[in-house]
Amino acid sequence: DIMHCVYRLLNLTQARHWIGDVDLYAVLVAALAHDMGHPGRTNPFLVETGHELALLYNDASPLENMHCASLFRVLKKEQTNVFKQLTKEQYKTARKVCVGTILHTDNANHFVMVKDVNKAYEVNSEIVEKQASLGEGADLTPLYEHDVLRKDSQMFLELFLHFADISNPLKP
């Protein structure tokens, strides 16, 4: 469900034009693993009760940190390492995308993300409005692709996974 939503957002935004294949693959892997090993409790509950995860991660996004650690523990095994064919640099990129996007699924980051998206819009409003005026499915303008999407690609990937994670109430 979450992976499909991220995939759909990537397609709607023509992501193949503004991010590389490693980033695309990594955000989809992150979508699969973003709730890996979830114990069914919230971060505030874990912190308030002094849960082992809150202690381990110093009260900072204990669940999301655990999800990342769980994913990369699985990836350490040869038979389950979906990144094993990547070069060292590609692996670093994939890890950055996975960790960044999973950590941003913590709802504590929600309003900071909204602020960041608003700021990106304010700085590039003319470019964004020109792209929007072309209509859905139109080719990306070079300025929109470069000055908006490529410039803040990690932010958009983080936003897509966060959106997918909280979007269930919007689905039929």
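Remember, it's a predicted structure, so these values are computed and weren't measured experimentally.

### Section: the environment of L32
Inspection of the secondary structure puts L32 in helix α2 (residues 21-33). Put simply, L32 and L159 are 127 residues apart on the chain and 16 Å apart in space, counted from C-alpha to C-alpha.

### A word on unusual backbone geometry
Backbone geometry places Q14, a non-glycine residue, at a positive phi of 55 degrees. Among the structural elements, Q14 can be located in the loop between α1 (2-12) and α2. Residue classification places Q14 among the buried residues on the basis of a relative accessible area of 17%. The backbone phi angle of N58 is positive, close to 50 degrees, even though this residue is not glycine. With respect to the helices, strands and loops of the structure, N58 is situated in the loop between α4 (52-56) and α5 (62-75). The exposed category is assigned to N58, whose relative accessible area is 64%.

### Some remarks on the pattern of salt bridges
In the structure shown here, the tally under the stated rule is 4 salt bridges. Close ionic contact of E78 with K84 constitutes a salt bridge, the shortest N to O distance being 3.9 Å. Assessed through its relative accessible area of 55%, E78 is described here as exposed. In this structure, the salt-bridge partner of R150 is E145, at a minimum N-O distance of 2.9 Å. Classification of R150 as partly exposed rests on a relative accessible area of 42%. By relative accessible area, which is 17% here, E145 ends up buried.

About the cut-offs
Per chain, residue numbering runs from 1 following the sequence as it is written. Only residues with pLDDT of 70 or above have their local features reported here, since the model is predicted, and side-chain atom pairs are shown and tallied only from 80 upward, although totals for entire chains, interfaces and linings are computed over all residues. Each side-chain value is derived from all of the structure's non-hydrogen atoms; neither hydrogens nor water enter the calculation. To qualify as a helix, a DSSP run of H or I must reach at least 4 residues; to qualify as a strand, a run of E must reach at least 2; elements of each kind are numbered from the N terminus. Think of it in three bands: with a 1.4 Å probe and only protein chains considered, a residue is buried below 20% of the maximum accessible area for its type, exposed above 50%, and partly exposed in between. Criterion for a salt bridge: a side-chain nitrogen of Lys or Arg within 4 Å of a carboxyl oxygen of Asp or Glu.

Note that all results are geometric; they support no functional claim without further evidence.
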